[in-house]
Amino acid sequence: MESIIFIAPPAAGKGTQSKLLCDAYHIPHISTGDLLRDASKTENERGKFIKEQMEQGALVSDDIILELIEERLKETDCDNGYILDGFPRNIEQAIAYEKILEKLNKTLGIVILLEVDKELACKRITGRLNCPKCGSVYNEIIEESKPKETGICDRCGGELIKRNDDNSDTFSTRYDTYLEKTGPLVEYYQNKNILFRVESNDIEETFQKIQNILQGRIEL
Ligand code: AMP
């Protein structure tokens, strides 16, 4: 199976769609945000630096990200494709990623651009709840995305948490950073003819559209 890169503004549904794909196709979901959140818990200078950068909504330095990504892609569960959520986030990372792929003898795969209205994205961010145990995502503001029981994951019974950077102030910084740094990747991948655009409003519809794209690629 081809690997999938998701490009999307914050809260466009990258995490949710990645989770669905990962369950349907049995390939790992690699979120650089999650890799960083784990690394930020380590009590050292690097952990502290990552935590500070993330809390400001700024991008963490490319060196750190590339190191984490290369290590993760070497694991055997990545041999049959994987989903990248949150990486690459700028042109420099995209170029460095291709060098890593060459080194590991892997191919680029396809890129899915999730498009979402800015106001809806803000609502999704401020109400977002995550399950740290199974990675499921809920929303305490959007009716159809609320968990059945307040604060508890429907899927695994884990206790839901709110991310430190999920607030309206950080949202603006993250959104602007996306437009400035990640926006140019759209043209970069369009020029390679591997970019697919998907409007991300309803979860099921979006997932169906992504599956249609993958089906088309598999039949080629
Ligand atoms: P996310 O979970 O993808 O929304 O990422 C949360 C935060 O992690 C971002 O606001 C950045 O601070 C950091 N981050 C995640 N992925 C990257 C990346 N590829 N490059 C730099 N910073 C990143």
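Now for a look at the structure at hand. Nothing here was measured: the structure is a model prediction, and the numbers come from that model.

Moving on, we come to the pattern of salt bridges. Tallying each qualifying case throughout the model produces 22 salt bridges. A salt bridge links Asp 34 to Arg 37; the shortest N-O distance between them is 2.9 Å. In this pair, Asp 34 and Arg 37 are both assigned in helix H2 (residues 32-39), three residues apart and thus about one turn of the helix distant. Between Asp 38 and Lys 41 there is a salt bridge, and its shortest N-O distance comes to 3.7 Å. Judged by its relative accessible area of 48%, Asp 38 falls in the partly exposed class. One salt-bridge network, held together by shared partners, links Arg 128, Arg 163, Asp 165, Asp 166 and Arg 174.

What follows covers helix H1 (residues 14-25). Each turn of an α-helix holds 3.6 residues, which means side chains three or four residues apart point in the same direction. Over its twelve residues, H1 extends 16 Å from the first C-alpha to the last, a length consistent with the 16 Å expected when each residue adds 1.5 Å. Turning to H1, its buried residues number three or more, namely Lys 14, Gln 17, Ser 18, Lys 19, Leu 21 and Cys 22. Taken from the residues just after H1, His 26 is the one with a positive phi, measuring 55°.

Tracing the backbone through its elements, the reader meets Gln 17 in helix H1. In this structure Gln 17 comes out as buried when scored by relative accessible area, which is 2%.

As a further point, take the nonpolar core. Among the nonpolar cores identified, the biggest contains 33 residues, and Tyr 97 and Tyr 189 are the most heavily contacted of them. Counting residues per element, the ones that place at least two in this core are strand S1 (4-7), H2, helix H3 (45-56), helix H4 (62-73), helix H5 (91-104), strand S4 (110-115) and helix H8 (184-190). The element that contributes the greatest number of residues to this core is H4, accounting for six residues.

Attention shifts here to the sheet that holds strand S7 (residues 195-199). The parallel open sheet is built from five strands, whose spatial order is S2-S3-S1-S4-S7. Edge positions in the sheet fall to strand S2 (29-31) and S7, since each of these pairs with one other strand and no more. Averaged over all adjacent pairs, the angle separating strand axes in this sheet is 25°, with direction ignored. Note that S1 and S4 share four bridges and pair parallel. Looking at S4, one finds that Phe 6 is bridged to Ile 112. On the sheet, H1 packs against S1, S2, strand S3 (83-85) and S4 and is oriented at approximately 165° with respect to S3. H2 contacts S2 and S3 of the sheet and is inclined by roughly 60° relative to S2.

Cut-offs and rules
- Residues numbered from 1 in each chain as written.
- Predicted model: local features only at pLDDT ≥ 70, side-chain atom pairs only at ≥ 80, totals over all residues.
- Heavy atoms only, no water.
- Salt bridge = Lys/Arg side-chain N within 4 Å of Asp/Glu carboxyl O.
- Helix = DSSP H or I, 4+ residues; strand = E, 2+ residues; numbered from the N terminus.
- Buried < 20%, exposed > 50% of the residue type's maximum accessible area, 1.4 Å probe, protein only.
- Expected span 1.5 Å × (residues − 1).
- Core = buried A, V, L, I, M, F, W, Y, C linked by side-chain atoms within 4.5 Å.
- Pairing = 2+ DSSP bridges.
- Axes fitted to C-alpha atoms, helices over the stretch in contact; angles between N-to-C directions.
- Contact = heavy atoms within 4.5 Å.

This is a description of form; function is not addressed.
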